[in-house]
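Coordinates in review
The primary structure of each chain is shown beneath.
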Amino acid sequence: MRIRATVAAVSGALAISAFALPAAQAADSTSSYQAEAAKILAAHSGRTAFSTADTAAADLGVTFSDLKIAKAIKVGVSGHYSTTVTYTLTHGANYDPTSDDFDSGPVIYKGSITAPTNMLGGEAPATCTVTSDTTASCSGKIDIYPAEGDLLNSEAGKWSAGALALQYSTNDYSLQGDLGTTLVQRFSKLTVNASPEPVKKGKTITVTGTLTRANWEDNKYHGYTSQPVKLQFRKKGSTTYTTLKGIYSNSTGALKTTTKATVDGYYRFSFAGTTTTPAVSATGDYVDVQ
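Note that this is a predicted model, so its numbers are computed, not measured. (Residues numbered from 1 in each chain as written. Predicted model: local features only at pLDDT ≥ 70, side-chain atom pairs only at ≥ 80, totals over all residues. Heavy atoms only, no water.)

We now examine the overall build of the chain. Along the backbone of the chain there are one helix and 21 strands. Put simply, the chain has 290 residues, and 46% of those count as buried. Once local pairs closer than 6 in sequence are excluded, the contacts in the chain between residues at least 24 apart make up 64%. (Helix = DSSP H or I, 4+ residues; strand = E, 2+ residues; numbered from the N terminus. Buried < 20%, exposed > 50% of the residue type's maximum accessible area, 1.4 Å probe, protein only. Contact = heavy atoms within 4.5 Å.)

Encoded structure:
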């Protein structure tokens, strides 16, 4: 994602900083959509003018409905993360979804649509297919680049979804929120090691591991502390894990427990997840019982 919105204490306006596009993309047509969307979002909190003309932007009269977005977006510490959003665009005679003068795209935001603390959208406009004289079916993406400052750790959790329509020649637009919700989550990792290997039947097995999650502010993984985690076992030849006991991660995210060796099989830790952090299960570690 190349647009981040933050509330600024300057005339009560919403300040938007548009991150620079990579050189290979700078001349791409998607940059026009990003630039125009950034101006629109910057002006939206007060619906003030964002063009050089001495006129305020008008509402295009476009509405949105039937928006569908993934239940959760799991975001790590680097790279590009995206999710597809679909919605129905309804318009009047002054909006032509087939014209190069008009574009639309989805957005997600924290806070309210009128005063968001952060708003993210797509690098490119949505693709809209005309379905009637007044409606179009649209599909666009939300693009997120955590290493470029798109997210703060405190913003993990529930986000609202909306959509934007704009006209380049007039700077007019329509922006509608509260069309859906998604979870933007800090990607999680979980490791396990069971020892000794092999082990005699009836002897003690020590199982260790670490639960970590993405930190969007330093772009590293850190221990997820004081979280409930299950120790699970799958007998050799079976496809089903059963829970042996529950423990909690310590102050560094580390896990450690013991169990008795009974038969050959795989041990793993499993974390159920929270609204801010997705569920994760470690790859089972095989122990040969002799």
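Next, the rest of the story.
This paragraph deals with the nonpolar core. By size, the foremost hydrophobic cluster in this structure holds 30 residues, and its most contacted members are Phe64, Tyr87, Ile108, Leu151 and Val184. Those elements that place two or more of their residues in this core are β3 (63-68), β4 (72-75), β5 (81-90), β6 (102-111), β9 (135-144), β10 (157-167) and β11 (173-186). Phe233, Phe271, Val280 and Ala282 belong to the second-largest nonpolar core, a separate cluster that totals 21 residues. (Core = buried A, V, L, I, M, F, W, Y, C linked by side-chain atoms within 4.5 Å.)

Moving on: the pairing of β11. When a strand is regular, its side chains alternate between the sheet's two faces. Here β4 runs beside β11; their pairing, made up of four bridges, is parallel. Its bridge partner being in β11, Ala72 is matched across the sheet by Leu183. Here β10 runs beside β11; their pairing, made up of nine bridges, is antiparallel. Its bridge partner lying in β11, Ala165 is registered against Ser174. Hairpin connection between β10 and β11: a loop of five residues separates the two successive antiparallel strands, and Asn171 in this loop has a positive phi of roughly 70 degrees. (Pairing = 2+ DSSP bridges.)

Of note, Arg234 is situated in strand β16 (residues 228-235). No salt bridge is formed by the buried Arg234, whose closest oppositely charged neighbour, Asp285, lies at an N-O distance of 11 Å. A polar side-chain atom of Arg234 sits 2.8 Å from the main-chain carbonyl oxygen of Ser238. When neighbours within four sequence positions are excluded, Arg234 is seen to be in contact with Thr239, Thr240, Tyr241, Gly265 and Tyr266. (Lys, Arg positive; Asp, Glu negative; His and termini not counted. Salt bridge = Lys/Arg side-chain N within 4 Å of Asp/Glu carboxyl O. Polar contact = N/O pair within 3.5 Å; in protein donor to acceptor, adjacent residues only side chain to side chain.)

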